Amino acid sequence: MQAEPVLPLLDIAGLSVAFANDRGDDFTAVRGLDLVVAEGETLAVVGESGSGKSVTAMAVTRLIDNAGGRITGGTIRFRDRSGAVRDLAREPAADMRRLRGPEIAMVFQEPMTSLNPVLTVGDQIAEAIELHQRLSHQAAREEARRMLERVRIPEAARQLDRYPFQLSGGMRQRVMIAMALSCRPRMLIADEPTTALDVTVQAQVLRLMRELQREFGMAMIFITHDMGVVAEIADRVLVMRAGEKVEEGDVFAIFERPAAPYTRALLAAVPALGSLAHESLPRAFPENGRDLPPQDTVREGGPPVLEVQDLTTRFDVASGWFTRNKARIHAVEHVSLEVRPGETLGLVGESGCGKSSTGRSVIRLEQPQAGAIRFEGSDVSVLRGDAEARLRRGVQYVFQDPFASLDPRLTVGFSIAEPITTNRLLSGPAVEARVGELLRQVGLPPEHGRRYPHELSGGQRQRVCIARALASEPRLIIADEAVAALDVSIRAQVVNLLMALQRERGLAFLFISHDMAVVERIAHRVAVMYLGQIVEIGPRQAVMIDPQHAYTRRLLAAVPVPDPRQRGHERGLDDSEVPSPLRRLDDPPQVAPLVQVGPDHYVARHHVGGLY
Amino acid sequence: MLSYLLRRLLGVVPVLVAVSIFVFGFVRLLPGDPARLMAGPEASEADVAAIRHDLSLDQPIWEQYGRYARGLLTGDLGRSSRTRQPVATEIGARFMPTLWLTIFAMAWATVAGMTTGVLSGVKRGRWQDQAAMVLAVSGISFPSFWLGLLLIDLFSVRLGWLPTGGYGTWQHFVLPSLTLGVAVAAVLARFTRSAFVEVASEDFVRTARAKGVPERLVILRHTLRNALLPVITMTGLQFGFLLGGAVVVETVFAWPGLGRLLVDSVSYRDYPVIQAEIMLFSLEFVLINLGVDLIYAVINPEIRFR
């Protein structure tokens, strides 16, 4: 007997969306897209930036009307609660508003900015309930409290009167989810909901969303760039590129038998944690289908390039004219590490763990309170004359956001030339020749030197930042989340570029990152930071295969695996949060030397804070 | 909240001490000798010296400051060297006209300016927005003496509805406060618009729409409330400026206010009056700023909870 054909919940056919620009011609962001979502199913829409995946979501909810875009063709057929099929592309704005919330809800990427800063969490959730369910304010708040409990927020009743800034990023995203689900929508559109979260928090939120989807029996469109997340959550996958559908299929089929070359390239560029489990040395991403040799660049003997001993940086909080300062952030607490010539030390941890403060303290963007810093064997703890010049030239920094770290009013050639002229390395026409050479080394044509940052893509801009870092011929580059803002395929290219530069010039890297899979690719040794302290440091293979600290294990377990067959339903994750490094003045953290557990492998055995 | 208020009030003290020192010093940097100006061109050296002694100008400067500071603490502002009247009386007589004029001008200008700004922001890019902004730019650039004279010509001379100048009944307030408020309304309209447009592109405004909040509430509850913060700062600043007395408008409408008193005092090198007026302006500014910060704390929980 044949089953009744099930009508899909959402059926998009031939959808095109355009944005008008200043010149009057339209830019088409989505072109002829077909997409179907069945009731209760999770469809992951995957693509890199500019693929049109978010625009599609905005078109379905018609928030696109307020974002300057316009649906230029196609239909968005949605079957509402009463069973009527409506074309959302042509629905009047007022009716559309009544659908948003009770029928279709959204969760966005940025939990920090997606909540209204001047309204309490309770009022923001209750607002939607009052509007759509016509409940009194009191009843709506009661319902809001129940929603907060459903998203596993502790002490829900107390949280109702708190403001967004009083909550952590993970908690805010739970509030966003509670708000979206408060009217029992039949479809949830989640636009990169975990991208801005730390990896352990991401794992918690993903698990929560999966559970809630089952409890509420709703369909979900999950937009993401992260194949690991796709493998964790999707039933079906739709791959988009430049506004068009590349491929669509069952999650297992996409991962195991990708048909389109673009999907294959995307999957190849995804760093899968554990892919170098059996190698002791790092190895670059395969290029053009060919494996590259292992990164055997560390030169033993001789002094390390960088030696940091008991580095301590603390920030005092709230020191007004008439207030004594009451608390202190222990950003970096007795951190000791060394980086050898030609070596990459990966410094990993979650936001607020002090990894960036460590990097910034080394080059004195922050002023450390204590500790010794030696660069190529000589003391640079006190910046004076010779030592300062040596440090400033020998250690360069690459930041996370390549757009913000280039002056928009200067050509990139000028930005690259600046360290050459300030360090008086060259003068006259030789500078320009050198800039061209540096651009070539980072894989850009020398003509790009005449361009301005806004004329380059994100990946190209980060290449420019690397060229600028190379300009003063440094021995060590501190890369602070340098590939975090890049798309996966670009990220792989930039990681490979850094590794090629290391092979050619024997450069050393302090590679600060939250991304364990990238660190596995690039690092010879790994240091794990938690609450301002290094809790584990050792050879990459040892730390990742046989982690000795509980926090390292938790961090590794939370990394999504880009393989739907290894879906980590029950990885024993808890809903605990990383505590704050902010402490009372009379309550300094416990500090103790690390204990050796293997060759070059050290681990903290004392209580650092929180659970560990 | 209470400790915040107390802390802020305490913070006012060093500001006022610093201002009193600066004012005292700068007034004495003005070229010209008050004693000679008072004595008149025919006076002998002995007369000038007598007046100078009388005004304590022959004493060392720190003793003069000490005397002045003691006076400030005990509420004695001294006597005007021009009219021989107590400074408090001089300023007191002029303060209320300026205060009322400022209040009337600010009241209509704030309402008109913010309303125009929000409407412009909502209709941004359309003709309503463009028309409002043309008006706003005109309002900022139109010289107030010219506007005042035009209004007098129309409403007082031709139509005979309102008095040409002076201080007294409510009719006297109409034209001066209209003239004074135009520039403020224009500035606030532009300021409100840009703040509104900026907040309108924030993620949480999109969130509000995503949960189906009606447009009217998106504007009022989610956008405007967040856009108010910079607008309130600007309103406070404008309020402070106007309280300092609008010399031009007061002159055009023969208004007995603080602005004209200050100009007269400067031309006579009337040190006590100049000092007292500037101290008063500083105090007003500091208090207005304090008020602005308190309103901030009410609107923005992040400040309240710090």
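Residues numbered from 1 in each chain as written. Chains lettered and ligands numbered in written order. Predicted model: local features only at pLDDT ≥ 70, side-chain atom pairs only at ≥ 80, totals over all residues. Heavy atoms only, no water.

Q: Honestly, the pairing of strand β7 (residues 187-191) of chain A in this entry has me stumped. Any pointers?
A: Successive side chains on a regular strand alternate, one facing one side of the sheet and the next facing the other. Residue and element names in this part refer to chain A. The element β7 is extensively covered by neighbouring structure, given that 5 of its 5 residues are classed as buried. For strand β6 (residues 104-107) and β7, the ladder comprises 4 bridges, and the chain directions are parallel. Residue pairing across strands places I104 opposite M187, the latter belonging to β7. In terms of strand pairing, β7 meets strand β8 (residues 219-224) through 5 bridges, oriented parallel. Opposite D191, over in β8, you have I223 as the bridge partner. For the segment spanning β7, helix α7 (residues 199-216) and β8, crossover handedness is right-handed. (Buried < 20%, exposed > 50% of the residue type's maximum accessible area, 1.4 Å probe, protein only. Helix = DSSP H or I, 4+ residues; strand = E, 2+ residues; numbered from the N terminus. Pairing = 2+ DSSP bridges. Right-handed = clockwise from strand over helix to strand, strands pointing away.)

Q: I tried to follow the confidence of the model for chain A on my own but got confused; where do I start?
A: The predicted coordinates of low-pLDDT regions are not to be read in fine detail. When pLDDT is averaged along chain A, the result is 88; 96% of the residues meet or exceed 70. Mean pLDDT in chain A bottoms out at strand β21 (residues 582-584) of chain A, which sits at 79, and peaks at strand β13 (residues 344-348) of chain A, which reaches 96. (pLDDT = per-residue confidence, 0-100.)

Q: Can you walk me through the interface of chain A and chain B in this structure?
A: Accessible area lost during the coming together of the parts is what is often quoted as the interface size. Opposite the 30 residues of chain A that make contact, chain B presents 25 residues. Here chain A packs against chain B, burying approximately 2,500 Å² in sum over the two surfaces, 63% of which is carbon and sulfur. At the junction of chain A with chain B, the criterion picks out 12 residue pairs in polar contact (both at pLDDT 80 or more). Broken down by secondary-structure element, the contributors of at least two residues to the side of chain A that touches chain B are β6, α3 (121-133) and α6 (169-181) of chain A. No other element matches α3 of chain A, which puts 5 residues into the side of chain A that touches chain B. (Contact = heavy atoms within 4.5 Å. Buried area = accessible area lost by both parts, 1.4 Å probe. Polar contact = N/O pair within 3.5 Å; in protein donor to acceptor, adjacent residues only side chain to side chain.)

Q: Got a minute to help me understand the sheet that holds β6 of chain A in this structure?
A: Two strands in a sheet stick together by hydrogen bonds in their backbones, pointing the same way (parallel) or opposite ways (antiparallel). Residues and elements named next belong to chain A. In space, the 6 strands of this open sheet follow the order β6-β7-β8-β3-β9-β10, with mixed pairing throughout. Looking at the sheet topology across the chains shown, the edges are occupied by β6 and β10 (244-250). Geometrically, the sheet is characterised by an average inter-axis angle of 15 degrees between neighbouring strands, direction not taken into account. Relative to β7, helix α1 (residues 53-61) is tilted by about 145 degrees, and along the sheet it contacts β3 (42-46), β6, β7, β8 and β9 (236-241). Each of β3, β9 and β10 is contacted by helix α10 (residues 261-269), which is oriented at about 100 degrees to β9, the strand it contacts most. (Axes fitted to C-alpha atoms, helices over the stretch in contact; angles between N-to-C directions.)

Q: Would you explain the side chain of H606 of chain A in this entry?
A: All names here are of chain A. As for its placement among the helices and strands, H606 is situated in the segment after β23 (601-603). At 3.0 Å, the side chain of H606 and the side chain of Q533 are in polar contact. If sequence neighbours within four positions are ignored, H606 has contacts with Q533, Q590, V591, A592 and Y612.

Q: Would you mind going over the domain arrangement of chain A with me for this structure?
A: All names here are of chain A. Examined at the domain level, chain A breaks down into domain 1 (10-268) and domain 2 (303-341 + 348-376 + 515-562 + 571-612). The C-alpha-based centres of domain 1 and domain 2 are spaced at 35 Å. Each partner contributes to the interface: domain 1 provides 18 residues, whereas domain 2 provides 15 residues. With both sides pooled, the region where domain 1 packs onto domain 2 buries about 1,400 Å², and carbon together with sulfur makes up 50% of that total. Inspection of the domain 1/domain 2 interface yields 0 salt bridges. (Domains from an automatic or database assignment. Salt bridge = Lys/Arg side-chain N within 4 Å of Asp/Glu carboxyl O.)

Q: Please explain the sheet that holds strand β5 (residues 85-87) of chain A as it appears in this structure.
A: Residues and elements named next belong to chain A. Ordered by their spatial adjacency, 4 strands build an open sheet running β2-β1-β4-β5, and the pairing between neighbours is antiparallel. Edge strands, defined here as strands with exactly one partner in the open sheet, are β2 (26-37) and β5. Neighbour-to-neighbour, the strand axes of the sheet open up by a mean angle of 10 degrees, direction not taken into account. Here strand β1 (residues 10-20) pairs with β2 via 8 bridges, running antiparallel. Looking across to β2, one finds that A20 is bridged to D26. Taken strand by strand, α1 contacts β1, β2 and β4 (69-79), and its axis lies near 110 degrees from that of β1.

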